[in-house]
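Results of the structural survey
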Amino acid sequence: MTTYGLLVFEDAEELDFVGPWEVFTVSARLRDSADSAVLVSERPGPVRCNKGLRVLPDHTFDDHPPLDVLHVPGGLGARETQLRNPVVTDWIARTAERAAWVHGVCTGTFLLHAAGPARGRRVATHWSQENTLEARGDVTVVRDARYVVDGHLVTSQGVSAGIDSALWLVGRLHGREHARAVRRCIQYDPAPPYLADEPV
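Now for a quick tour of the structure. A quick note: this is a predicted structure, and the numbers were derived from the prediction, not measured. (Residues numbered from 1 in each chain as written. Predicted model: local features only at pLDDT ≥ 70, side-chain atom pairs only at ≥ 80, totals over all residues. Heavy atoms only, no water.)

**With respect to helix H7 (residues 176–185)**
By the burial criterion, the buried members of H7 are His-178, Ala-179 and Val-182. Along H7, the residues classed as buried sweep out an arc of 100° about the axis, all on the same side. Facing away from the buried surface of H7 by more than 90 degrees, the exposed residues are Arg-176, Glu-177 and Arg-184. The positive-phi residue at the C-terminal boundary of H7 is Gln-187, with phi of around 50°. (Buried < 20%, exposed > 50% of the residue type's maximum accessible area, 1.4 Å probe, protein only. Helix = DSSP H or I, 4+ residues; strand = E, 2+ residues; numbered from the N terminus. Arc of directions from axis to C-beta.)

**Section: the packing of helix H3 (residues 86–98) against helix H4 (residues 108–115)**
In the contact formed by H3 and H4, the axes pass within 8 Å of each other and the chain directions differ by 80°. Here H3 is positioned roughly perpendicular relative to H4, judged by the angle of their axes. Along the contact surface, H3 presents Val-88, Thr-89, Ile-92 and Ala-93, while H4 presents Leu-111, Leu-112, Ala-114 and Ala-115. For the contact of H3 with H4, a count of residues per class yields seven nonpolar, one polar and no charged. (Axes fitted to C-alpha atoms, helices over the stretch in contact; angles between N-to-C directions. Parallel < 35°, antiparallel > 145°, perpendicular 65-115°, else oblique. Contact = heavy atoms within 4.5 Å. Nonpolar A, V, L, I, M, F, W, Y, C, P; charged D, E, K, R; others polar.)

**Quick look at the sheet that holds strand S2 (residues 36–41)**
Taken in spatial order, the seven strands of this open sheet run S5-S2-S1-S6-S7-S11-S10, and their pairing is mixed. Of all the strands in the sheet, just strand S5 (59–60) and strand S10 (147–150) have a single pairing partner and so form its edges. Where S10 and strand S11 (residues 153–156) come together, four bridges link them in antiparallel fashion. Counterpart to Tyr-147 in the pairing with S11 is Ser-156. Each of strand S6 (69–72), strand S7 (101–105) and S11 touches H4; the most contacted strand, S7, lies at about 135° to it. Contacts between helix H6 (residues 161–174) and the sheet are confined to strand S1 (3–7), S6, S7, S10 and S11, with S7 contributing the most and set at about 165° to the helix. (Pairing = 2+ DSSP bridges.)

Limitation: the analysis is restricted to geometry and does not speak to function.
Printed below as a string of structure tokens:
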């Protein structure tokens, strides 16, 4: 059984955790509900995310089950507010020590750096924040990969890249064919109508 714990906080980027949530929960269903995913926050009650979506966490830092996978999203809250919140960074540090895997998306890597798990590691983050993260020191930012695996730490570039890294992770945990089945189930086969890196 795998228990995924997805951290949520004020101004977290929605798709940073909702995309991986979809991957983790579909994976669990395909495994006959052998696994579970829970949202965890510092306090009980609704959390308003970066674009206004409100979510209701399942657990707080004090009452969640043991987590096999710790997921940390990005967003304005990750790179600004929560960096200065020792309750959050201390919880990340403690939980990461016990988890089999730590998964960060976008600027969630800033929180993982502040808390410790990303220090001295190769990581990915949102393209617009790569220099800022690198300037914090004791981290190597990989700029040309959707996601980066360093030991038990998996980090990805911004927003939708978290789906890629989550699929890789469920493949690592439960096999490639299982990950392919999850991908088929969620019809994840990106074919964007406009290329982000297309010259203007």
